[in-house]
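Here's the letter readout for the chains.
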Amino acid sequence: MKLMNLLSFNTSTKTEIKQPNYFQLLKVAKPFLAMLAGDESLKPVLEMSEVLSKMPGSEFTVKQLKNDPVAAEMIQERYMASHNLDELLQYPEDSLGYIYASKMKEKGFRSEDLYASISINSDTSYIDARIGQTHDIWHIITGFETSEIDEIGLQAFYLVQFPNPMATMLIANALIAVTLFTPEELPELLSAIAKGWEMGSQAKPLFAQKWEENWEKPLTQWQTELNIRL
């Protein structure tokens, strides 16, 4: 498909150009620059997520996700479920529940660290919270590890599945950081982005999955059913 077919502008229709909110841009720039400077804590990520939730991109995310009836139902009911790691370790060793719990224990991760600070009072805040709660499940399902480059590969997977503003910002940040500071890593980063994009475009929608209702299902079965091509 030619590029101009993808960028098909209707010149007969005038599009209203919204003026940027410079205060919001400054609030985005602060955590963005902190990450660019090497801050690997969750603080700038959570700060940026809060700012982005009030910008038009998040409204577009809600609209796109609601095109999937299952995702729309989850958003409406505000579906969240418990992740009791000790209980999940009682499942068979090949199950999603066991593999997820063992990985989380091994790395000292807690899913609530990515969403506990979010007050779920809107579609946007619910989506942010659910993405945070299930983020490490997506890592396991897709096979992307938690290294910096694999993290960006997963963000590319997110982005092709639905327009996630945070994924866009993290990918942009990584591209700038590698270009400026570690250019020798650029081929590996671009390869991870391409892999995530291709995998995400082929896979069934991951956001619409209620993982917690089938913890016992083998990981390989999940991957086959969701068309995850490792």
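For the structure itself, consult the block above.
This is a predicted model, so every value here is computed, not measured.

(A) Geometry of the overall build of the protein chain. Looking only at helices and strands, one finds 12 helices and zero strands in the protein chain. Start at the N end of the protein chain and walk to the C end: the helices and strands fall as α-α-α-α-α-α-α-α-α-α-α-α. By the compact-globule yardstick of 17 Å for 230 residues, the protein chain fits well, its C-alpha radius of gyration being 18 Å. Viewed in the frame of its principal axes, the protein chain has a C-alpha envelope of about 60 × 40 × 40 Å. Once local pairs closer than 6 in sequence are excluded, the contacts in the protein chain between residues at least 24 apart make up 66%. Carbon and sulfur atoms form 56% of the exposed surface of the protein chain, whose accessible area is close to 13,300 Å². Computing the positive centroid from 20 side-chain charges and the negative centroid from 31, the protein chain places the two 8 Å apart.

(B) Highlighting the packing of aromatic side chains. With the rule as written, the count across this model stands at seven aromatic pairs. Residues Tyr100 and Trp215 carry aromatic rings whose centres are separated by 5.4 Å and whose planes lie at 15 degrees to one another, so their mutual orientation is stacked. Within this pair, whereas Tyr100 is found in helix α7 (residues 96-107), its partner Trp215 is found in the loop between α11 (186-202) and α12 (219-225), the two being separated by 115 residues in sequence. One exposure class covers both Tyr100 and Trp215, and it is buried. In this structure an aromatic cluster arises from ring pairing among Trp138, Phe157, Tyr158, Phe162 and Phe207. The ring of Trp222 is capped by Lys217, whose NZ or CZ atom sits 4.1 Å from the centre of that ring.

(C) Seen up close, helix α10 (residues 165-181). Between its first and last C-alpha, α10 extends 24 Å over 17 residues, near the 24 Å set by a 1.5 Å rise per residue. Every buried residue belonging to α10 is among Pro165, Met166, Ala167, Met169, Leu170, Ile171, Asn173, Ala174, Ala177 and Val178, and all of these are buried. Next to the buried residues of α10 lie α2 (22-36), α3 (43-52), α4 (56-65), α9 (148-161) and α11.

(D) Summary view of the nonpolar core. Leu96, Trp138, Ile141, Leu206, Phe207 and Trp211 are the most contacted members of the largest nonpolar core, which totals 37 residues. At the level of secondary structure, the elements contributing two or more residues to this core comprise α4, α5 (69-77), α6 (85-88), α7, α8 (123-142), α9 and α12. Counting residues per element, this core draws most heavily on α8, at seven residues. When residues no more than four places from it in sequence are discounted, the contact partners of Leu96 are Ile137, Ile140, Ile141, Trp211, Trp215, Lys217, Pro218, Leu219 and Trp222.

(E) Layout of the side chain of Asp136. Within the secondary structure layout, Asp136 lies in helix α8. An unpaired buried charge is present at Asp136: no salt bridge exists, and Lys107, the closest side chain of opposite charge, is 8.1 Å distant.

(F) Summary view of a negative patch on the surface. Taken together, the side chains of Asp39, Glu40, Glu148, Glu184, Glu185 and Glu188 make up a negatively charged region of the molecular surface. With respect to the helices and strands, the residue Glu184 is situated in the loop between α10 and α11. Looking at Glu184, the relative accessible area reads 60%, which means it is exposed.

What counts, and at which threshold
- Residues numbered from 1 in each chain as written.
- Predicted model: local features only at pLDDT ≥ 70, side-chain atom pairs only at ≥ 80, totals over all residues.
- Heavy atoms only, no water.
- Helix = DSSP H or I, 4+ residues; strand = E, 2+ residues; numbered from the N terminus.
- Rg over C-alpha atoms; globule rule 2.2 N^0.38 Å.
- Contact = heavy atoms within 4.5 Å.
- Areas by Shrake-Rupley, 256 points an atom, 1.4 Å probe, with all protein chains shown as cover.
- Lys, Arg positive; Asp, Glu negative; His and termini not counted.
- Charge placed at Lys NZ, Arg CZ, Asp CG, Glu CD.
- Phe/Tyr/Trp six-rings, centres within 6.5 Å; stacked < 30°, edge-to-face > 60°.
- Buried < 20%, exposed > 50% of the residue type's maximum accessible area, 1.4 Å probe, protein only.
- Lys NZ or Arg CZ within 6 Å of the ring centre and 35° of its normal.
- Expected span 1.5 Å × (residues − 1).
- Core = buried A, V, L, I, M, F, W, Y, C linked by side-chain atoms within 4.5 Å.
- Salt bridge = Lys/Arg side-chain N within 4 Å of Asp/Glu carboxyl O.
- Patch = residues over 30% accessible without salt bridge, like charges linked within 9 Å, V, L, I, M, F, W, Y side chains within 5 Å.

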